[in-house]
Amino acid sequence: MRLSLLPLCVLSSACVAFAQSEANITIKTLAAQMKYDTQEFTVAPGAKVKLTLINDDEMPHNLIVTKQANDKGLALAQTAWALGEKGMELHWIPKDPRVLAATKTIAPHGKEEIVFTAPTEPGDYPYVCTFPGHAIAMNGVMLVRAGGGKLGEGPKLTEGRYQLFLGKWEMLPDFGQLKPLREGPLDENLIGWKFDDYKNEFGIRFTGNLEVKKEGDYTFRLASDDGARLRLNGPTILTQDGIHPPGTGKTATVRLKPGKQTVQLDYFQAAGGAELYLSWSGPDFGETWLTKTKLESAPKKQKSESKTGIPLIVKDEAVIYRNFIEGVGARGIAVGLPGGVNAAFDAELCNVALVWRGAFMDAKRHWTDRGVGFQGPLGYAVVKLDRNVPLATLSAPDAAWPPAPKDLPWGDWPAGYRFGGYTLDKQGIPTFRYTYNGVSVEDRMQAAPASSSHGHTGAAMQRVISLRSEKALAGLYFRVASGKRIAEGKNGIFPLDEGVSLQAAGAILRGEELLMPVTFKDGTARIELSYIWNH
Amino acid sequence: MHRITLSIAAASALFAAKGHAQKASSADIIKAEREFYTVSAVPMPPGEVLEVSGLEWLPGGKLAVSTRRGEIWVASNPASEAPEWKRFAHGLHEPLGISFHDGWLWATQRPEVTRMKDTDGDGKADVFENVAAPWGINGDYHEYAFGARSPKDGSIWNVLCLTGSGGANSLFRGFVIRVFPDGKSEAVASGVRSPGGIGFAPDGEAFYTDNQGLWNGSSSLKHLKVGSFQGNPTGFKTFDEAAKRGISMGVVAKKPATPKSGSRIDTERANVEEFVPPAVVLPHGILGHSPTGMCYDLTGKFGPFKGQLFVGEQTFSNVQRVFLEKVNGVYQGAVFHFLSGFGSGNIAVLMTPDGVLYTGGSDRGWGAKGGKPFALERAVWNGKAAFEIHEMRAKPDGFELTFTQPVDPKTAADPASYSADAWTYIYQSGYGSPEVDKVKPVIVSATVGADGKSVRLKLDKLTKGHVHAIGAEGVKSTDGNGLLHAKGYYTLNEIPN
């Protein structure tokens, strides 16, 4: 059977080499994430590209493929934004030689197919949504590569070795505790075995290295009969334990940095069929088998969650996500607020550490596999605020702010602070509560109406800090912000980051700190702040 | 009736096979077990992912379910074909243990003990209070915290996993801390490795499960005696770090002596004063790989096992049964296979006041035999008692087995109807251990008691500290049935006088 097919394969691949290459590309917009689901695709020079954009979002989007550039299409997008009032009717497509191909404005849940010829010159051609404000996050790149359109094979294992164990198991044993019967290098660095003497009741530990050249998401697929477990750089990423047929396998996608990755694949065979398949694919190569044999006719489609992530969508009610948050800490509480703004509170320092616009959080990191690591915001225009305590009693107006606690995991918790929790209103918006040396504090954020300038829509978040104290506290200050970026403001509005300002009436700029003196009246005090994204 | 008898006899013959492997018979085992217990899936809210991490029975017959994704769902009629689900809370940090007390729902989240309440009656919690956050976390996924409420004083006992498999990079990793309702807290035990669940005995004593790994030759059920050391010294770093910062160590203030790696638990018990040995070893690979939550049956409505403990198992998707006794002041006892074939990796186990066992969990990160990514199931006793070893008690020269049904005097009095094996594990800083120091005790005599339901086994020798696997493969009930599960695994920390 295989022999008779072989000449055909040779023939057909030869034919393809002479024909114009074709590429069918489908790109979707991700709901509430201001993102395309595909950030990169590869086509051959001069290929006929059929590109379908499916808009799964609740707002309109387009897609423009541009000439070669290293700016993710931002310059072209800015040209589009300059169309101003005319933009809408022109589908935000400027008359500009940089435009290679473009879809029209696609309404929510609509789609459009465009056909164009890829440039003959290999290179990186960005594509971007040119709706005002979208381009920053909503972009990708078309890679024109010789031999492109179909991804080639990736690297194989290096330094592949095996250890053979004998035993009768129903589940994978810990081979580390067992003595191998024999061990040695793998033939051609391919995972497999040829033990004429052992057909049943054996186990093998395979080890080797994989070289990653480019940082990105790599997908591993494992199928086995009977059990197998794949460890990558230590942790288990795929398990198919127990006694079972191979099926279509399980996949896991991991983000890898360039360099050597260590692979350990444990496998055991009880009785009956004995099969083992392992592959990997990456941003610049297709599914590449690391085993001697390939798993044929298996569906290539991944689980949707591992591909698109698990975006937490904020609608009419606030969404809370308490987890390890990048830029916040191990006791982070992120809040997605109705109105398109978000904040993350640090329950250890009792302060807001981040505010941002757009999409809230992607829970994929923590809600799949073992949930390793810290996850940052999914949206854009992230403003990093203090990672220190919000309140301090200063002995003099020029006394130094207490240094940020150094070793929180070991208990260097800020003196005088106690996180109290939060209450939710009817919209699910939290009011955080904490105490500081007898002062009861509430901290609440909500989306505020944004001012509009030059036709670009901005955003704003209002933050109200309410304090109560039985006794008067002299020298109590609230630190609104800190760092080199803060500049002298006008009318209580201070420039913070590029395109972001902070409204803090009554705040005093003290070097690189913006401080608000807290004065109690009838035992209460109130601080109002606004974070304003100008466009 | 005839059909049932036959199928049990057939299955029993399969289990009676010597050795640990029960290969190819797992479907038969499940089938035989289901003659006595109906296991059914609880319909979950459609489209939602409920990786069950905690279970609690609420007033009015409602079931509260916490999930690894940080939600709490309440089913107002969990036994019906279409339970009515309502999401009570979301956004929690992987709560592993919930309890209802004093009008609040209490949860152990990774960073703290929280209590929450619905104050406006819309079925959703709107107040979330930090009761206490006395331990450190650094963002390592392995720093799990499991909690359970003491029936004695309402304190929440939190058993805190190490950082990673073998490190301690945050305060109180590897310790147990109880948090009182007023927010005061204190450390009560050290030496924890990787817990899977915690629970309380009817007498108010706390127990937890710890997973095979560093300093754990096998997984086991451990007694959390106040002031005890549980065997893994990795967390000792907290003694120095707490001292630097003036953080109180309370009843565990005295750092235990460091045990010697490569030794045996029974040996090191003598060297480490605070060391409480595992009450019941859950032999790794035989009973499971990853024990989790637990519950007692105090109702007597879940079969003839009133007062016994049921322990969840994640990897094998099982629930095991444990009989405990106290000998020379130390808890010990036997574990038995009980129910297998659950849908996913069991994490939480709950007994309702009506004697229905709920269990659920997920296979995320480690895999489970059940095959489903998450599941919630209930087991209901059919009212018919399986022929099982009911209790296994240590005696100065052997064991006393009681059975759930009268035994056939002929087979029960024949020593050849029984098997005995004994072994222990290396107590070491490395990962796990093979079964070592194997002993083959000889059954010298088997004497049926006057009650007709118990048998006194005399062994030629008992080995202190060893797991004693005692099988009664040849014993028949007076009805002629073989045992549903023929073996018990008894951890002989102490030999009674």
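Residues numbered from 1 in each chain as written. Chains lettered and ligands numbered in written order. Predicted model: local features only at pLDDT ≥ 70, side-chain atom pairs only at ≥ 80, totals over all residues. Heavy atoms only, no water.

S.K.: Which parts of the structure should I look at to understand the overall build of chain B?
M.R.: The number of helices and strands found in chain B is five helices and 33 strands. Relative to the compact-globule value of 23 Å for 497 residues, chain B shows a C-alpha radius of gyration of 22 Å, a close match. Judged by the C-alpha coordinates and their principal axes, chain B covers about 65 × 55 × 35 Å. Here chain B, with 497 residues, has 64% of them falling under the buried criterion. Partitioning the contacts of chain B with sequence separation of at least 6, the portion at a separation of at least 24 is 60%. In the structure as shown, chain B presents an accessible area of about 16300 Å², 52% of it carried by carbon and sulfur atoms. If the 51 positive side-chain charges of chain B are averaged to one point and the 51 negative ones to another, these points end up 3 Å apart. (Helix = DSSP H or I, 4+ residues; strand = E, 2+ residues; numbered from the N terminus. Rg over C-alpha atoms; globule rule 2.2 N^0.38 Å. Buried < 20%, exposed > 50% of the residue type's maximum accessible area, 1.4 Å probe, protein only. Contact = heavy atoms within 4.5 Å. Areas by Shrake-Rupley, 256 points an atom, 1.4 Å probe, with all protein chains shown as cover. Lys, Arg positive; Asp, Glu negative; His and termini not counted. Charge placed at Lys NZ, Arg CZ, Asp CG, Glu CD.)

S.K.: Explanation requested: the layout of surface pockets in the structure shown.
M.R.: Over the atoms, a rolled probe matching the size of one water molecule traces out where space is still vacant. All names here are of chain A. Empty space within the second largest pocket amounts to approximately 1200 Å³. If you trace the second largest pocket, you find 49 residues lining it, with M34, G340, R357, G358 and Y380 closest to the centre. Broken down by secondary-structure element, the contributors of at least two residues to the lining of the second largest pocket are α2 (74-81), β20 (311-312), β23 (341-346), β26 (380-384) and β32 (456-457). Ranked by residues supplied to the lining of the second largest pocket, first place goes to β26 with four residues. Taken together, the residues of the lining of the second largest pocket break down into 28 nonpolar, 15 polar and six charged. (1 Å grid on protein atoms, 1.4 Å probe; cavity = no way out; pocket = protein on both sides within 12 Å on 5 of 7 lines; lining within 4 Å. Points joined across faces, edges and corners; volume = space filled by probe spheres on them. Nonpolar A, V, L, I, M, F, W, Y, C, P; charged D, E, K, R; others polar.)

S.K.: Just to check I follow, could you spell out the domain arrangement of chain B for this structure?
M.R.: Size of an interface: often given as the accessible area lost when the parts come together. Residues and elements named next belong to chain B. What the domain assignment lists for chain B is domain 1 (2-25 + 386-491) and domain 2 (38-381). Taken together, the contact between domain 1 and domain 2 spans 33 residues of the former and 44 residues of the latter. Between domain 1 and domain 2 lies a buried interface of about 3000 Å² when both sides are counted; carbon and sulfur atoms form 55% of it. Of all residues in domain 1, Y427, Y489 and T491 give up the largest surface area on contact with domain 2, accounting jointly for 28% of the area buried on that side. Counting the contacts that link domain 1 with domain 2 gives three salt bridges. The shortest N-O distance in the salt bridge between R264 and D437 comes to 2.6 Å. Across the contact surface, domain 1 and domain 2 share 20 residue pairs in polar contact (both at pLDDT 80 or more). Where the side of domain 1 that touches domain 2 is concerned, the elements lending two or more residues are β26 (389-395), β28 (419-425), β29 (435-439) and β33 (487-491). The element contributing the most residues to the side of domain 1 that touches domain 2 is β26, with six residues. The residue inventory of the side of domain 1 that touches domain 2, partitioned by class, reads twelve nonpolar, 14 polar and seven charged. (Domains from an automatic or database assignment. Buried area = accessible area lost by both parts, 1.4 Å probe. Salt bridge = Lys/Arg side-chain N within 4 Å of Asp/Glu carboxyl O. Polar contact = N/O pair within 3.5 Å; in protein donor to acceptor, adjacent residues only side chain to side chain.)

S.K.: Teacher, can you tell me more about the interface of chain B and chain A here?
M.R.: Taken together, the contacts link 56 residues of chain B with 44 residues of chain A. Summed over both partners, the interface of chain B with chain A comes to about 4100 Å²; 51% of that surface belongs to carbon and sulfur atoms. The interface formed by chain B and chain A contains seven salt bridges. Residue D120 of chain B is joined to K426 of chain A by a salt bridge in which the shortest nitrogen-to-oxygen separation is 2.8 Å.

S.K.: How should I be thinking about the nonpolar core in this particular structure?
M.R.: Across soluble globular proteins, nonpolar side chains have a tendency to be buried as a group. L391 and F478 of chain A together with M116 of chain B are the most contacted members of the largest nonpolar core, which has 70 residues in total. W135, I137, L160 and F236 of chain B belong to the second-largest nonpolar core, a separate cluster that totals 31 residues. (Core = buried A, V, L, I, M, F, W, Y, C linked by side-chain atoms within 4.5 Å.)

S.K.: Is there a simple way to explain the environment of G343 of chain B in this structure?
M.R.: Inspection of the secondary structure assignment puts G343 of chain B in the loop between β22 (330-339) and β23 (346-351). The residues touching G343 of chain B, leaving out its near neighbours within four places in the chain, are G370, G371, K372, A375 and E377 of chain B.

S.K.: Explanation requested: unusual backbone geometry in the structure shown.
M.R.: Glycine aside, the phi torsion of most residues is negative, and most peptide linkages are trans. In the segment running from D225 of chain A into D226 of chain A, the intervening peptide bond is cis, with an omega of 10°. Considering the arrangement of structural elements, one finds D226 of chain A in the loop between β13 (216-225) and β14 (228-232). For K72 of chain A, which is not glycine, the phi torsion reads 55° and is therefore positive. By the secondary structure assignment, K72 of chain A is in the loop between β5 (64-66) and α2. In this structure, S317 of chain B takes a positive phi of about 55° despite not being glycine. Examined against the element boundaries, S317 of chain B turns out to sit in the loop between β20 (309-313) and β21 (318-327).

S.K.: I tried to follow the pattern of salt bridges on my own but got confused; where do I start?
M.R.: Think of it this way: side chains of opposite charge can pair up when their charged atoms draw near. Residues and elements named next belong to chain A. Evaluation of the coordinates by the stated rule reveals 47 salt bridges over all chains. Between R231 and D266 there is a salt bridge whose closest N-O contact spans 3.5 Å. With R231 in strand β14 and D266 in strand β17 (residues 259-269), this pair connects stretches of sequence that are 35 residues apart. Using a relative accessible area of 22% as the deciding quantity, one classes R231 as partly exposed. A salt bridge links E442 to R433; the shortest N-O distance between them is 2.5 Å. E442 sits in the partly exposed class, given a relative accessible area of 27%. Among the charged side chains, a salt-bridge network with shared partners connects R205, R229, R231, D241 and D266.

S.K.: I would appreciate a short explanation of the side chain of D126 of chain B in the present structure.
M.R.: Tracing the backbone through its elements, the reader meets D126 of chain B in the loop between β8 (113-117) and β9 (127-132). Within the local environment of D126 of chain B, its side chain forms a polar contact with the side chain of T119 of chain B, the two groups lying 2.8 Å apart. When neighbours within four sequence positions are excluded, D126 of chain B is seen to be in contact with Y422, T423 and L424 of chain A together with K117, D118, T119 and D120 of chain B.

S.K.: Can you help me understand α2 of chain A in this one?
M.R.: Taken together, the buried positions of α2 of chain A are L76, A77, A80 and W81 of chain A. Viewed along the axis of α2 of chain A, the buried residues span an arc of 145°, placing them on a single side of the element. (Arc of directions from axis to C-beta.)

S.K.: Got a minute to help me understand the packing of aromatic side chains in this structure?
M.R.: Working definition: an aromatic ring pair is given by the centre-to-centre distance plus the angle between the planes. Residue and element names in this part refer to chain B. Counted according to the given criterion, the structure contains 44 aromatic pairs over all chains. Taking 5.5 Å as the distance between ring centres and 90° as the angle between the ring planes, the aromatic pair formed by W157 and F200 counts as edge-to-face. Highlighted residues: W157 in strand β11 (residues 156-160) and F200 in strand β14 (residues 195-200), separated in sequence by 43 residues. Each member of the pair W157 and F200 is classed as buried. Its guanidinium or amino end placed over the ring of W104, R115 lies 3.8 Å from that ring's centre, counting from NZ or CZ. For the cation-ring pair, R321 lies above F336, with the distance from its terminal atom to the ring centre recorded as 4.3 Å. (Phe/Tyr/Trp six-rings, centres within 6.5 Å; stacked < 30°, edge-to-face > 60°. Lys NZ or Arg CZ within 6 Å of the ring centre and 35° of its normal.)

S.K.: Looking at this model, I keep getting lost on the environment of K124 of chain B. Mind explaining?
M.R.: With respect to the element layout, K124 of chain B can be found in the loop between β8 and β9. Spatially, the C-alpha atom of K124 of chain B lies 9.8 Å from that of V74 of chain B, the residues being 50 residues apart in sequence. Those residues in contact with K124 of chain B that sit more than four places away from it in its chain are E317 of chain A together with K86, R87, F88 and D118 of chain B.

S.K.: Got a minute to help me understand empty space enclosed by the protein in this structure?
M.R.: All names here are of chain B. Under the definition given, this model contains five cavities of 30 Å³ or more. The calculated volume of the largest cavity comes to roughly 210 Å³. Lining the largest cavity are 21 residues, with I265, P278, V281, T424 and Y425 positioned closest to its centre. Two domains each donate at least three residues to the lining of the largest cavity, and these are domain 1 (2-25 + 386-491) and domain 2 (38-381). Considered as a void within the structure, the second largest cavity measures approximately 80 Å³ in volume.

S.K.: Just checking my understanding: could you explain the domain arrangement of chain A for this structure?
M.R.: Residues and elements named next belong to chain A. For chain A, the assigned domains are domain 1 (20-144), domain 2 (158-305) and domain 3 (311-533). Relative placement of domain 1 and domain 3: their C-alpha centres are 36 Å apart. Between domain 1 and domain 3, the residue contacts involve eight residues of the former and six residues of the latter. Taken together, the connections running from domain 1 to domain 3 amount to zero salt bridges. Connecting domain 1 to domain 3 are zero residue pairs in polar contact (both at pLDDT 80 or more).

S.K.: Explanation requested: the sheet that holds strand β27 (residues 398-403) of chain B in the structure shown.
M.R.: The strands that make up a sheet pair up through hydrogen bonds in the backbone, lying either parallel or antiparallel. Residue and element names in this part refer to chain B. With antiparallel pairing, four strands are arranged side by side in an open sheet as β26-β27-β31-β30. With one partner strand each, in any of the chains shown, β26 and β30 (443-448) form the two edges of the open sheet. Direction aside, neighbouring strands of the sheet carry axes that sit 20° apart on average. Note that β30 and strand β31 (residues 454-459) share five bridges and pair antiparallel. Considered in β31, the bridge of T447 is made with R456. (Pairing = 2+ DSSP bridges. Axes fitted to C-alpha atoms, helices over the stretch in contact; angles between N-to-C directions.)

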